Amino acid sequence: MADAARLKSAVYRATQDTAGDGEGDPAAMIEVDGILKEHPELIAEGVKYIKARIKDRSIAVAVISLHLIDQCMQSNGFQFQVHVIKKVLQRVLKFAYLNKGTPPVVQQLSASLIRQWASTYGTDARMSEFAAAARELAKQEEKSMRAGVMSPQMNAITTRGALASPQQAQMARNMGSPPGGGMYQQQLPPFASLADDGMQQHPMAGGGGGLHQG
């Protein structure tokens, strides 16, 4: 029970935009990964906690949480990936849809992750749901474009590798992934303005607020 509480606390701290730089807390992200490796029986709980943060009303928290779950997928293997399929994939797919009211930076990152996960994991017959999600996204994008809804430019999300921030690159190295392996440097709006837009952050207690519920 104490380990689950420690994991929940680490997830919350990891996904807070305390410094206002869109980075989250790299030390807490490494702590999340360490707890999951030490206690694989907590993977389902970890996925649940991160999902709650992905649904947070704060754009910054949602973006950082998407990065975190992607990094955990890379560093914690098949068991974590299967729980993402069960608990998170459909939520990220909904965020990835065009013209559904999702903040553009969250929509674009979600779409990028759906495609990345399909390429990385979807070729495994045990995880074909990732490939199916990418196909569903492609159909929705085609339908939206026929209706005159143009896909946002993806250059708002810079790619991996050299463009990863120093904090993200160090965290990726510490978690056993190549720098930028799933971690992206975001071009986010000034977070000081989020409160003016009603985008308040919420604690994880009670499941947290969300961009969308469910």
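Computed from a prediction, not measured in an experiment: that's the story for all the values here. (Residues numbered from 1 in each chain as written. Predicted model: local features only at pLDDT ≥ 70, side-chain atom pairs only at ≥ 80, totals over all residues. Heavy atoms only, no water.)

## Details of helix 2 (residues 26-38)
With 13 residues, helix 2 ought to run about 18 Å at 1.5 Å a step, and its terminal C-alpha atoms sit 18 Å apart, in line with that. All of the buried residues along helix 2 are Ala28, Met29, Val32, Asp33, Ile35 and Leu36. End-on, the buried residues of helix 2 take up no more than an arc of 160°, which puts them together on one face. What points out from helix 2, more than 90 degrees from its buried face, is the exposed set Ala27 and Glu38. If you check the start of helix 2, you find a side-chain oxygen 3.1 Å away from the backbone N of alanine 27, and it comes from aspartate 25. (Helix = DSSP H or I, 4+ residues; strand = E, 2+ residues; numbered from the N terminus. Expected span 1.5 Å × (residues − 1). Buried < 20%, exposed > 50% of the residue type's maximum accessible area, 1.4 Å probe, protein only. Arc of directions from axis to C-beta. Polar contact = N/O pair within 3.5 Å; in protein donor to acceptor, adjacent residues only side chain to side chain.)

## Examining the pattern of salt bridges
When the charged atoms of two side chains lie near each other, side chains of opposite charge can form a pair. The final tally for this structure, using the stated rule, is eight salt bridges. Arginine 6 is the partner of aspartate 3 in a salt bridge, and the nearest nitrogen-oxygen pair spans 3.5 Å. Of this pair, aspartate 3 and arginine 6 both sit in helix 1 (residues 2-14), three residues apart, which is roughly one turn of that helix. With a relative accessible area of 33%, arginine 6 lands in the partly exposed category. For the salt bridge of glutamate 45 with lysine 48, the shortest nitrogen-to-oxygen distance reads 3.3 Å. With glutamate 45 and lysine 48 both in helix 3 (residues 43-54) and three residues apart, the pair spans about one turn of that helix. (Salt bridge = Lys/Arg side-chain N within 4 Å of Asp/Glu carboxyl O.)

## With respect to the side chain of aspartate 33
Inspection of the secondary structure puts aspartate 33 in helix 2. Judged by its relative accessible area of 4%, aspartate 33 falls in the buried class. Polar side-chain contacts of aspartate 33 include one of 2.5 Å to the side chain of serine 75.

## Regarding helix 7 (residues 128-146)
The end-to-end C-alpha distance of helix 7, which contains 19 residues, comes to 27 Å, matching closely the 27 Å that a straight helix rising 1.5 Å per residue would cover. Listing the buried residues of helix 7 in full gives Phe130, Ala131, Ala133, Ala134, Leu137, Gln140, Glu141 and Ser144. On its buried face, helix 7 sits against helix 4 (59-87), helix 5 (89-96) and helix 6 (104-121). One or two residues past the end of helix 7 sits glycine 148, with phi positive at roughly 95°. (Contact = heavy atoms within 4.5 Å.)

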